[in-house]
Amino acid sequence: MNNTVENNIVENNTPENNTADNNTSANNYSQGVNTANSSAHAETPILSNSTQQNAAAGNPYMAQFIHSRYNRVLPKVLILAILSIILLYRNRGSICYPIFMASMLAVLAWDSKSMGKNLIRDLSGKIDIKLFYCVSLMLLSISKAVTSSADLRWGDGLGILLISLCLFLKIYCNFEAKEVTSQLFNLGRMLILPLEHIDKPFTDFSIAKKMDQDTENPAKKTMRSILLGLLIAIPLLTIILALLGSADLIFGDILEDIIDSISLVDHMEDLFFVPVKFIITVIALYAWFAMLPATKFSDMKEGKRFDAVVAITFNSLIAIVYILFSGIQFVYLVGRMELPKGYTYAEYAHEGFYQLLAVTILNLILVSFCKKHFAENKILRAILFIINMCTIIMIASSALRMFLYVQVYGLTHLRVYVLWLLVVLTVWTLLLTVQLFKTGIPFFRITVIFVTVWYLMLAYSLPDTWIAAYDISLQKLPEHFITSELYPDAAPIIKEDGRCWDKYCEYMEYDVKEYNNRTLFQQVRQFNFCEYRAMKLISK
């Protein structure tokens, strides 16, 4: 069955076309398919689960809509659920991630096309931000296959989650907020709203099954016959192969090697968890796909703005303190004035770094809040500008403090990530400063593009390699950190230096043994470039 009915219902459910009240009665559907087709550009009301079920019970048109949705969503959901089990189950970071991501994007393109939409083009046919999202998702998933760093894998996973939500929101609802807070609010809704549709897989199946009984589809009948044949073949082949393996030792050995190499179950508990995870994935994905086209997302409504005098009062006091503090930073860190007794510059730099970082983030939140929730005022704008400039000085001070500390004590993962974050905070502050004087800036789009590109630059630079290179160059070699804290990404640098190589190989002995015990199937499924390179170097 084609998706004409469903497309008529959801195709105009975008912020540009949303004009009707959400509480429109289900009786509007009683006009029938012809009326709906003749008014395809009218707003489609959004109905609750119970309203849809009640409407379907006595309305052929609503039943046809649900049946169409079921036929559209179920194949895609089953494909993604099966691939997630085969490729991602107990697989933290490997070549399987880009394979799954390419498959997911292909399924999204298929589903978009079936609804009259496009994976990378907007409603007018032009390439839009969705192309950036798709490319970013592929690059993040490839990063999971390249690096063996657990930190970067976590960052890749978080990026994949957030960008996937943005992509779904843009594809199905044609929505993207200008403000970061508004977009994050809607992304949070996307994670919660599917809970309201958790019964959709079961109710849709019931209605679709009832309609299929009235009109038997030859293709479905053939597919059921094939599945039945496969179910019959599985126990028969199991018995036959067992008998033949016992009858001929050579055939039995070959069969045993094949079974060992493609074993999908590494732990007995997987026999329980794999089916459970598959069922949960199917239900969750179906609820998500069913929810998206029929849910309205919009920018957060601005409430009543507070009196600007209140903000001017407390921000003035804060600004005075920040100006004094910024002067001290310049004198002691840039001017290199004499420090209190017992302090080195490295100790002075490190002591207040994280507190200063916290104040910087607090400043950014404060300026964003005042800009959004207090009435426009030139004096307030000037004070917020001063706070932003002081924030830039604090960020510069934080960076200088960290550089002074790194020169003495070397690089670690945390220090690298903090320096990366300082660049993000700098860009955020500059955008907020521009926004004080110019409205309408697509703040979220600029932010997500910058943060994604900046993170990908970090991930693909393999920070463990240059952390190792820098620390090895220090006068005092941090041997314990190099041998036990760095990820296998750094193995080539450690081997090239040679001083810590034997201890590093000794520390990695358990990982090498576990790697070598993998079956051929596991080696292929869990292949990671940096891990493979490190194991090859250690095994020489």
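Looking only at helices and strands, the protein features 25 helices and zero strands. Long-range pairs, those at least 24 residues apart, make up 77% of the contacts in the protein with a sequence separation of at least 6. When the accessible surface of the protein is totalled, it reaches about 28,800 Å², and 67% of it is carbon and sulfur.

What follows covers the packing of aromatic side chains. Under the criterion given, the structure shown has 14 aromatic pairs. Plain terms: the ring middles of Tyr405 and Tyr409 are 4.6 Å apart, the flat faces sit at 35° to each other, and that makes the pair tilted. Here the residue Tyr405 and the residue Tyr409 both occupy positions in helix 16 (residues 378–409), the gap between them amounting to four residues, near one helical turn. Across the ring face of Trp110, the terminal group of Lys76 is positioned such that the distance to the ring centre comes to 4.3 Å. Between Lys144 and the ring centre of Tyr97, over which it is positioned, the NZ or CZ distance is 4.6 Å.

A few words now on the environment of Ile446. Mapped onto the elements of the fold, Ile446 is located in helix 18 (residues 443–460). By relative accessible area, which is 35% here, Ile446 ends up partly exposed. Taking C-alpha positions, Ile446 is 9.8 Å from Val427, a pair spaced 19 residues apart along the chain. In contact with Ile446, not counting residues within four places along its chain, are Leu431 and Ile441.

Bringing helix 19 (residues 463–472) into the picture now. Across the 10 residues of helix 19, seven count as buried, placing the element largely inside the fold. Burial in helix 19 covers these residues: Pro463, Asp464, Thr465, Ile467, Ala468, Asp471 and Ile472. On its buried face, helix 19 is in contact with helix 7 (150–173), helix 17 (413–437), helix 18, helix 20 (479–484) and helix 21 (491–497).

Right, let's talk about a nonpolar patch on the surface for a bit. On the surface, Leu228, Ile232, Leu236, Leu237, Ile240, Leu241, Leu244 and Phe251 cluster together into a nonpolar patch covering about 710 Å² of accessible area. When residues of the nonpolar patch are assigned to their parent elements, the largest contribution, seven residues, is made by helix 10 (residues 218–247). For Leu244, the location among the structural elements is in helix 10.

Let's shift gears to the nonpolar core. Leu108 and Tyr172 are the most contacted members of the largest nonpolar core, which has 108 residues in total. The element best represented in this core is helix 7, accounting for 11 residues. Core analysis: the next-biggest nonpolar cluster, separate from the first, contains five residues, Met62, Ala63, Ile66 and Ile207 among them.

When pLDDT is low, close inspection of the predicted coordinates is not appropriate. Per-residue confidence for the protein averages 80 on the pLDDT scale, and 78% of its residues sit at or above 70. Between residues 8–47, whose pLDDT stays under 50, and residues either more than four places distant or in other chains, the model counts 66 contacts.

Pairs of packed helices are described in terms of their axes, by the angle between the two and the distance that separates them. The contact between helix 23 (residues 509–516) and helix 25 (residues 529–539) brings their axes to 11 Å, and the two run at 105°. Judged by the inter-axis angle, helix 23 sits roughly perpendicular to helix 25. Between helix 23 and helix 25, the residues in contact are Asp511, Val512 and Tyr515 and Glu531, Tyr532, Met535, Ile538 and Ser539, respectively. When grouped by side-chain class, the residues that make up the contact of helix 23 with helix 25 number five nonpolar, one polar and two charged.

Analysis parameters
- Residues numbered from 1 in each chain as written.
- Predicted model: local features only at pLDDT ≥ 70, side-chain atom pairs only at ≥ 80, totals over all residues.
- Heavy atoms only, no water.
- Helix = DSSP H or I, 4+ residues; strand = E, 2+ residues; numbered from the N terminus.
- Contact = heavy atoms within 4.5 Å.
- Areas by Shrake-Rupley, 256 points an atom, 1.4 Å probe, with all protein chains shown as cover.
- Phe/Tyr/Trp six-rings, centres within 6.5 Å; stacked < 30°, edge-to-face > 60°.
- Lys NZ or Arg CZ within 6 Å of the ring centre and 35° of its normal.
- Buried < 20%, exposed > 50% of the residue type's maximum accessible area, 1.4 Å probe, protein only.
- Patch = residues over 30% accessible without salt bridge, like charges linked within 9 Å, V, L, I, M, F, W, Y side chains within 5 Å.
- Salt bridge = Lys/Arg side-chain N within 4 Å of Asp/Glu carboxyl O.
- Core = buried A, V, L, I, M, F, W, Y, C linked by side-chain atoms within 4.5 Å.
- pLDDT = per-residue confidence, 0-100.
- Axes fitted to C-alpha atoms, helices over the stretch in contact; angles between N-to-C directions.
- Parallel < 35°, antiparallel > 145°, perpendicular 65-115°, else oblique.
- Nonpolar A, V, L, I, M, F, W, Y, C, P; charged D, E, K, R; others polar.

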